[in-house]
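Understanding the architecture of this molecule
Chain by chain, the residues:
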Amino acid sequence: MKAFYVIKSLGTFGITAYWLTLSYIQPKKVTHYKKRWAESVMNYIGYKVAHQGDFSQQGPRIYVGNHVSYLDILLLMAVNPHIAFLAKKEVKRWPILGMAAVRVGTLFVDRESKHDRERLRKQLGEQLMQNKSQLVIFPSGTTTLKEEKLWKKGIFEIAQAYDIPVQLFKLDYDPYHESSFIDDDSMIGKMVQQFSLPNKKAHVTWLESIQVSHPENDAESLRQKVTRP
């Protein structure tokens, strides 16, 4: 049975390759294909996606929230395909998924390079303003079950400097721990586990939107609102 789920988990790469190919054939429909790709993979793994609250489809805007799983990006795109993401540069080299990340407009950063961080801040601020973009950031910088790690204030400094609204979201899964992707979890191993679980749910709650006045304090205030007990 486990072998069956391993084989089935590889199907997610086929789904990704399919929608990625279509996005190159019809580049004007990239946003539509982003949503279809995300919905298809979430449905294939067996998650019922839902959301509550309001989010703006007008930019510029920065979304911040808790980071639980590799599924988070798919969940958010299935609900709002207009968003883009920030990722470490290593993701760009991942087979198929790296190409998909490039195609959906992901911005890549070398987190070990101080110079790159400074360049990225300026790039992000200008791009968000010029293109009226919507960017999702996970300020913890890593997946976690409880969101206890302090949030990095850099994106809040950008929001303050360019007067960009910051909106909070909270991600939840049922079952929660089995849906997470933390520590030494492997993607294939996690998928195999998830395929064997029935009645899975993934949920986004869109929360308050603020204008940043004190980056460090605002980051901590928002983090506490999505921290799990």
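For the structure itself, look to the data block above.
Residues numbered from 1 in each chain as written. Predicted model: local features only at pLDDT ≥ 70, side-chain atom pairs only at ≥ 80, totals over all residues. Heavy atoms only, no water.

So, the overall build of the protein
In terms of regular secondary structure, the protein is built from 9 helices and 7 strands. Dimensions of the protein, computed from the C-alpha atoms along their principal axes, are close to 55 × 45 × 35 Å. By the burial criterion, 48% of the 229 residues in the protein qualify as buried. In the protein, the share of contacts with a sequence separation of at least 24, taken over all contacts with a separation of at least 6, comes to 78%. Roughly 11800 Å² of accessible area belongs to the protein as shown, and the carbon and sulfur atoms make up 53% of that amount. Within the protein, the 23 negative side-chain charges are centred at a point lying 7 Å from the centre of the 32 positive side-chain charges. (Helix = DSSP H or I, 4+ residues; strand = E, 2+ residues; numbered from the N terminus. Buried < 20%, exposed > 50% of the residue type's maximum accessible area, 1.4 Å probe, protein only. Contact = heavy atoms within 4.5 Å. Areas by Shrake-Rupley, 256 points an atom, 1.4 Å probe, with all protein chains shown as cover. Lys, Arg positive; Asp, Glu negative; His and termini not counted. Charge placed at Lys NZ, Arg CZ, Asp CG, Glu CD.)

Some points on the nonpolar core
Side chains of a nonpolar character, in soluble globular proteins, are inclined to be buried together. Of all hydrophobic cores here, the largest spans 37 residues; its most connected members are W37, L76, F169 and Y173. Of all the secondary-structure elements, those providing two or more residues to this core are helix 1 (2-25), helix 2 (30-45), helix 3 (71-79), strand 6 (166-174), helix 8 (187-195) and strand 7 (200-210). A total of 7 residues in this core trace back to one element, the largest contributor, which is helix 3. Excluding its chain neighbours within four sequence positions, the residues that come into contact with F169 are Y63, V64, G65, N66, L76, V136, F138, V204, T205, W206, L207 and V226. (Core = buried A, V, L, I, M, F, W, Y, C linked by side-chain atoms within 4.5 Å.)

A few points about empty space enclosed by the protein
Across all of its chains, the model carries 2 cavities of 30 Å³ or more by this definition. Size it by volume and the largest cavity reaches roughly 100 Å³. Taken together, T16, W19, L20, S23, V30, Y33, K34, W37, A100, R103 and V104 make up the full set of residues lining the largest cavity. At the level of secondary structure, the elements contributing two or more residues to the lining of the largest cavity comprise helix 1, helix 2 and helix 4 (97-103). Here the residues of the lining of the largest cavity sort into 7 nonpolar, 2 polar and 2 charged. Here the second largest cavity is characterised by a volume of approximately 40 Å³. Around the second largest cavity sit A84, G105, L107, L124, Q127, L128, S133, Q134 and L135, which together line it. The set of elements that each furnish at least two residues to the lining of the second largest cavity consists of helix 5 (114-131) and strand 5 (134-137). Per-element accounting of the lining of the second largest cavity gives the leading share, 3 residues, to helix 5. Each residue belonging to the lining of the second largest cavity can be placed in one class, and the counts come to 5 nonpolar, 4 polar and no charged. (1 Å grid on protein atoms, 1.4 Å probe; cavity = no way out; pocket = protein on both sides within 12 Å on 5 of 7 lines; lining within 4 Å. Points joined across faces, edges and corners; volume = space filled by probe spheres on them. Nonpolar A, V, L, I, M, F, W, Y, C, P; charged D, E, K, R; others polar.)

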